[in-house]
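Close look at the chain arrangement
For reference, the chains in residue letters:
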Amino acid sequence: MRKTTALRAAAAATAALLTATACSSHRGQDAQDTAADGACKGQQTTGITDETIKLGGIYPLSGPASAYGTISKGVAAYFKHVNDKGGIDGRKVEFTVRDDGYQPPKAVEEARRLVEREKVFAVFQTLGTPSTAAVWDYLDKQKVPQPFVATGASIWGTDDKHPWTIGWQPNYVSEARVYAKYLKDEKPKAKVAVLFQNDDFGKDLLGGFKEAVAGSGIKVVAEESYEVTDPSVSAQMTSLARSKADVLLNITTPKFGSQALAADAKNTKWNPLHIVNNVSSSATVLQPVGFKNVQGVVSATYFKDPADPQWADDAEMKAYKDALRKYAPDSDPANQFNAYGWAAASSLHEVLDGMKCPTREGLRDAVRDLKDVKVNMLLPGVTLSTGPDDAFPIETMQLMRFKGERWQLFGEPVDTRKEFGPLAK
């Protein structure tokens, strides 16, 4: 099992805060908690009635990763769209969004607020590896589902001690394997320079890449890391350029992804193949650099790009764009982060429909028993699948290259389960 130092540190940093009030808070909340009867007797029904489902989400609406905050608008638009059609199995969704500023201690505070004050059924889409790691012990202890966290850290699928938490998007190791396969096919002697965020996100993807290229002709010749509190990555990019590598693997969050792309474009003496990880592939990351300066950049995806004209007549894309204009008129329908939120919310809808019991335990079990579930905002060939030995819902991705003013898919979807086998626990 992957147990990284940073994950342990995140848990330790919040343990005191949780312990200080856990006992008194729990006693005070018991009277308001509810349980099912009948075939689901004894299971928790807090946050769900015959008329409503209360969900909470924690996003960085402010801080260094605030570009991701708009994901919550895509989620909210989906639920409002569904509510207008009668809800999920007749239940209207009440979705509460809290801001943690991409700060783990704040995430803990907001998770406790959602559970103990708002009495949500589930905490859906906590965003970021540090924040998710900070709250999963608490949510596990409270037996509150934490489905489809908005982070691709592999530990959400390899860990077997937190049954209430599960990821959604392709994990970072699987994503790294897709890039490794591409380079093995196209540049088998590549010399790779890597810029990565110095946390579990960055180390997970980098470690997965190194494992995937081990024994091949591909070599990592330079590495530079950065902290999320750093003002820029210009010094790191200058250092990497000295390596003369012919591939740059850009493992960053949006703010630093833009900076790295801009630094690469500015340095005309170094022209590596630039691979940017999926979480920084939104057009909102590339646009400040200038589309003319990011031609040929490569990434990978698994859901439909609202800026891609091939989906113009797609029924789900039309519903998404109409709903976003109606319920989030200040947001950009072409922003991939909004489409990400819509796809994740649609995925949860499928799971809620499949619950055997309308309880927290029912949701916990349903997310781990998905059989090629189709979600209309995902790319053709990409489905949700989980089981007793597989806690990674999505493991298929397709490469894309930036051309003109948008991403263009190329090659065939890569099912990393079939191509590389399961991730080791």
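Residues numbered from 1 in each chain as written. Predicted model: local features only at pLDDT ≥ 70, side-chain atom pairs only at ≥ 80, totals over all residues. Heavy atoms only, no water.

With that settled, consider the pairing of strand β12 (residues 406–409). Pairing analysis gives four bridges linking strand β11 (residues 396–403) to β12, with the strands arranged antiparallel. Across the sheet, residue K403 finds its bridge partner in β12, namely R406. Hairpin connection from β11 to β12: two residues lie between these consecutive antiparallel strands, with G404 at a positive phi of about 70°. (Pairing = 2+ DSSP bridges. Helix = DSSP H or I, 4+ residues; strand = E, 2+ residues; numbered from the N terminus.)

Here we take up the domain arrangement of the protein chain. For the protein chain, the assigned domains read domain 1 (40–170 + 310–394) and domain 2 (173–301). Contact with domain 1, which involves 14 residues of that partner, is made by 16 residues of domain 2. Both faces combined, the contact of domain 1 with domain 2 buries some 1200 Å², and carbon together with sulfur accounts for 59% of it. Three residues stand out in domain 1 for area buried against domain 2, namely P64, Y68 and F337, and they jointly supply 33% of the buried area on that side. Connecting domain 1 to domain 2 are zero salt bridges. Linking domain 1 with domain 2 are five residue pairs in polar contact (both at pLDDT 80 or more). Looking at the side of domain 1 that touches domain 2, the elements with two or more residues in it are α4 (129–142) and α12 (336–353). (Domains from an automatic or database assignment. Contact = heavy atoms within 4.5 Å. Buried area = accessible area lost by both parts, 1.4 Å probe. Salt bridge = Lys/Arg side-chain N within 4 Å of Asp/Glu carboxyl O. Polar contact = N/O pair within 3.5 Å; in protein donor to acceptor, adjacent residues only side chain to side chain.)

Take helix α9 (residues 254–266) next. Spanning 13 residues, α9 covers 18 Å between terminal C-alpha atoms, matching the ideal 18 Å at 1.5 Å per step. Residues P254, F256, G257, S258, A260, L261 and D264 constitute the buried set of α9. (Expected span 1.5 Å × (residues − 1). Buried < 20%, exposed > 50% of the residue type's maximum accessible area, 1.4 Å probe, protein only.)

Our next topic: the side chain of E395. You can see E395 is positioned in the loop between α13 (360–366) and β11. Only 3.2 Å separates the side chain of E395 from the side chain of R417, close enough to count as a polar contact. The contacts of E395, once residues within four sequence positions are left out, are N171, S174, D390, V414, D415, T416, R417 and L423.

With that settled, the discussion passes to the state of the cysteines. Counted according to the given criterion, the structure contains one disulfide. A sulfur-sulfur distance of 2.0 Å marks the disulfide that ties C40 to C357. Taking the sign of the torsion about the S-S bond as the criterion, the disulfide between C40 and C357, at about -90°, is left-handed. With C40 in the loop between α1 (5–29) and β1 (52–59) and C357 in the loop between α12 and α13, the pair connects residues that are 317 residues apart, well separated along the chain. Classification of C40 as buried rests on a relative accessible area of 10%. (Disulfide = S-S within 2.5 Å.)

This paragraph deals with the pattern of salt bridges. Across all of its chains, the model carries 19 salt bridges by this definition. For K326, the salt bridge identified is with D84, shortest N-O distance 3.3 Å. Of the two residues, K326 is situated in helix α11 (residues 315–327) and D84 in helix α2 (residues 71–84); the sequence distance between them amounts to 242 residues. Ionic pairing is found between K106 and E110, a salt bridge with its closest N-O pair at 3.0 Å. Note that K106 and E110 are positioned in helix α3 (residues 104–117) at a spacing of four residues, about one turn of the helix. For E110, a relative accessible area of 2% puts it in the buried group. Here the salt bridges share partners, and the residues they tie into one network are R98, K106, E109 and E110.

Moving on to the packing of helix α6 (residues 172–186) against helix α7 (residues 200–213). As a packed pair, α6 and α7 sit with axes 8 Å apart at the nearest point and diverge in direction by 40°. The orientation of α6 relative to α7 falls into the category oblique. Regarding α6 and α7, the two cross each other, and that crossing is right-handed. Of α7, the residues touching α6 (which contributes Y172, V173, E175, A176, R177, Y179, A180, L183 and K184) are F201, D204, L205, G208, F209, A212 and V213. Residue classes in the contact of α6 with α7 are distributed as eleven nonpolar, one polar and four charged. (Axes fitted to C-alpha atoms, helices over the stretch in contact; angles between N-to-C directions. Parallel < 35°, antiparallel > 145°, perpendicular 65-115°, else oblique. Left-handed = near helix turned anticlockwise from the far one by under 90°. Nonpolar A, V, L, I, M, F, W, Y, C, P; charged D, E, K, R; others polar.)

Checked against the element boundaries, E361 lands in helix α13. Among buried charged residues, E361 stands out as having no salt bridge; its nearest opposite-charge side chain is R364, 5.6 Å away. Apart from residues no more than four positions distant in its own chain, E361 is found in contact with Q43, Q44 and W164. (Lys, Arg positive; Asp, Glu negative; His and termini not counted.)

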